[in-house]
Amino acid sequence: MKNNLVSFVAGMVLMASSAVTLAADKLTLQLKWVTQAQFAGYYVALDKGFYKDEGLDLTIKPGGPDIAPAQVLAGGGADVIVDWLPSALATREKGLPMVNIAQIYGKSGMMLTCLKSSGIETPKDFAGKTLGVWFYGNEYPFLSWMSKLGYATDGSANGVKVLKQGFNVDPLFQGQADCVSTMTYNEYWQVLDGGMTPDELTLFKYEDEGVATLEDGLYVLQKSLDDPAMVTKLAKFLKASIKGWEWAKANPKDAALMVLEHDDTGAQTEEHQIRMMGEVAKLLSTSNKGIGYLDPAAYQRTVDVLLGSASTPVITKQPEGAYSHVVFDKAMAM
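Residues numbered from 1 in each chain as written. Predicted model: local features only at pLDDT ≥ 70, side-chain atom pairs only at ≥ 80, totals over all residues. Heavy atoms only, no water.

Q: Outline the overall build of the chain, listing residues and values.
A: For the chain, the count of helices and strands is 14 helices and 10 strands. A globule of 334 residues ought to have a C-alpha radius of gyration of about 20 Å, and the chain, at 22 Å, matches this closely. When its C-alpha atoms are laid out on the principal axes, the chain stretches across 95 × 45 × 35 Å. Looking at the chain as a whole, 51% of its 334 residues are labelled buried. Nonlocal contacts in the chain, meaning residues at least 24 apart in sequence, comprise 78% of its contacts between residues at least 6 apart. Within the structure as shown, the chain displays about 15300 Å² of accessible surface, and the carbon and sulfur contribution to it stands at 52%. (Helix = DSSP H or I, 4+ residues; strand = E, 2+ residues; numbered from the N terminus. Rg over C-alpha atoms; globule rule 2.2 N^0.38 Å. Buried < 20%, exposed > 50% of the residue type's maximum accessible area, 1.4 Å probe, protein only. Contact = heavy atoms within 4.5 Å. Areas by Shrake-Rupley, 256 points an atom, 1.4 Å probe, with all protein chains shown as cover.)

Right, dumping it as structure tokens:
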């Protein structure tokens, strides 16, 4: 009788455990780029069990050169995506109702990295030069900046020649460009690892040039916010993600090593990821409301930069309903 009772209790515990597992809400996050420390907070939250603690079964999909997060979102391949605000606003104006539910990065990490040997010391020296630019939505801040400076981007004599840059810095080493696009946490270090020294380079940070726009944020479709159950699920996701980012910021080396465990390509190195995490930590939102809060003033600055592009407008009117604090507020109340 005693053995039967023990077996019965053990069976009930196993069934309860299975029920909890089955009850976990599935959610899919699509990253903007490949697995790297740029997204460390999500991998930390996954490995530390923060999503599981919230009853979530999260799948993280890496991005890549052939993956457009907004298209994945539109096609139902993800519930949440990481994207940059300029790209999201441009996509929204074209008809896809993307909404920012949280802003992870508070500063821009984007730069133009130029060869001093090209004679470029200030933005006034860009005329007639070849500038490497990322596309697929990443070109919008650049186009706004060139418009502000009064440079045409068609290669004309008094303008600049735009080189459609791959997601590497090869054009700088191969003599194809005077400047290339880089991120403070990634490609800039590739330039240095390639053998160049800081003394050979002139850096133009978008933050310093007054044309910085908000980068890594979290986006969903409007229909997700119209569903109360989905809002609750997203709030749990955001709560866990913020916890992951806070842990990553406090433990950059360990966070970077966690990211490496998820790199199926084997392309990333420990040194590069640890260095990247250190730089990414500098970009995380420092709002007094914490990581994840989209500051309306910062949002408006991005909008103003994009609307200020006269020759090549990124967006043509003030967006409406492009961000919401509903998920953030609910996450903070949990």
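Further notes follow.
Q: Go over the nonpolar core with me, naming the residues and quoting the values.
A: One finds Y42, F126, L218, F237, W245 and M277 to be the most contacted residues of the largest nonpolar core, which totals 74 residues. Setting aside residues no more than four positions away along its own chain, M277 makes contact with A37, A40, W245, A248, K249, P252, A255 and A256. L221, L294, A298 and I315 belong to the second largest nonpolar core, which has 23 residues in total. (Core = buried A, V, L, I, M, F, W, Y, C linked by side-chain atoms within 4.5 Å.)

Q: So what's going on with the packing of helix 2 (residues 40-47) against helix 10 (residues 228-250)? Residues and values would help.
A: The interhelical angle for the contact between helix 2 and helix 10, taken along N-to-C directions, is 105°, at an axis separation of 7 Å. Considering their axes alone, helix 2 and helix 10 lie roughly perpendicular with respect to each other. Together, A40, G41, Y42, V44 and A45 of helix 2 and F237, A240, S241, G244, W245, W247 and A248 of helix 10 make up the contact between the two elements. Here the residues of the contact of helix 2 with helix 10 are counted per class, giving nine nonpolar, three polar and no charged. (Axes fitted to C-alpha atoms, helices over the stretch in contact; angles between N-to-C directions. Parallel < 35°, antiparallel > 145°, perpendicular 65-115°, else oblique. Nonpolar A, V, L, I, M, F, W, Y, C, P; charged D, E, K, R; others polar.)

Q: Describe the sheet that holds strand 2 (residues 56-61), and please don't skip the residues or the numbers.
A: Taken in spatial order, the five strands line up as 2-1-3-10-4 in an open sheet, and their pairing is mixed. With partners counted over all chains shown, the strands left at the sheet margins are strand 2 and strand 4 (98-103), one partner each. Taking each pair of neighbouring strands and ignoring which way they run, the sheet shows an average axis angle of 30°. Bridging between strand 1 (residues 25-30) and strand 2 involves six bridges; their strand directions are parallel. Of the residues in strand 2, the one forming a bridge with L27 is L58. (Pairing = 2+ DSSP bridges.)

Q: Which residues make up the layout of surface pockets, and what are the values?
A: Here the largest pocket defines a volume of roughly 540 Å³. Breaking the lining of the largest pocket down by element, the ones donating at least two residues are helix 4 (69-74) and helix 5 (85-93). A per-class count over the lining of the largest pocket returns 14 nonpolar, nine polar and six charged. There is about 330 Å³ of room inside the second largest pocket. When its residues are assigned to classes, the lining of the second largest pocket shows eight nonpolar, nine polar and four charged. (1 Å grid on protein atoms, 1.4 Å probe; cavity = no way out; pocket = protein on both sides within 12 Å on 5 of 7 lines; lining within 4 Å. Points joined across faces, edges and corners; volume = space filled by probe spheres on them.)

Q: Give me the side chain of Q103: which residues, what numbers.
A: Along the chain, the position of Q103 falls in strand 4. Looking at Q103, the relative accessible area reads 2%, which means it is buried. Polar contacts involving the side chain of Q103 include one to the main-chain carbonyl oxygen of Y105, which spans 2.9 Å. Excluding residues within four positions of it along the chain, Q103 makes contact with L214, E215, D216, G217, Y219, S285, I291, G292, Y293 and L294. (Polar contact = N/O pair within 3.5 Å; in protein donor to acceptor, adjacent residues only side chain to side chain.)

Q: Could you give an account of the pairing of strand 10 (residues 217-221), with specific residues and numbers?
A: Counting buried positions along strand 10 yields five of five residues, so the element is predominantly enclosed. What you see with strand 10 is no split at all: G217, Y219 and L221 on one side and L218 and V220 on the other are buried throughout. Where strand 3 (residues 80-83) and strand 10 come together, three bridges link them in antiparallel fashion. Across the sheet, the residue bridging to D83 is G217, located in strand 10. As paired strands, strand 4 and strand 10 are joined by five bridges and run antiparallel to one another. Bridge pairing in strand 10 places V99 opposite V220.

Q: Explain helix 14 (residues 326-333) to me, using residue names and the numbers behind them.
A: Inspection of helix 14 places V327, F328 and A331 among the buried residues, and these make up the whole buried set. Looking straight down helix 14, one finds that the buried residues subtend no more than 100° of arc, so they occupy a single side. For helix 14, the secondary structure elements touched by its buried residues are strand 4, helix 9 (222-225) and helix 10. (Arc of directions from axis to C-beta.)

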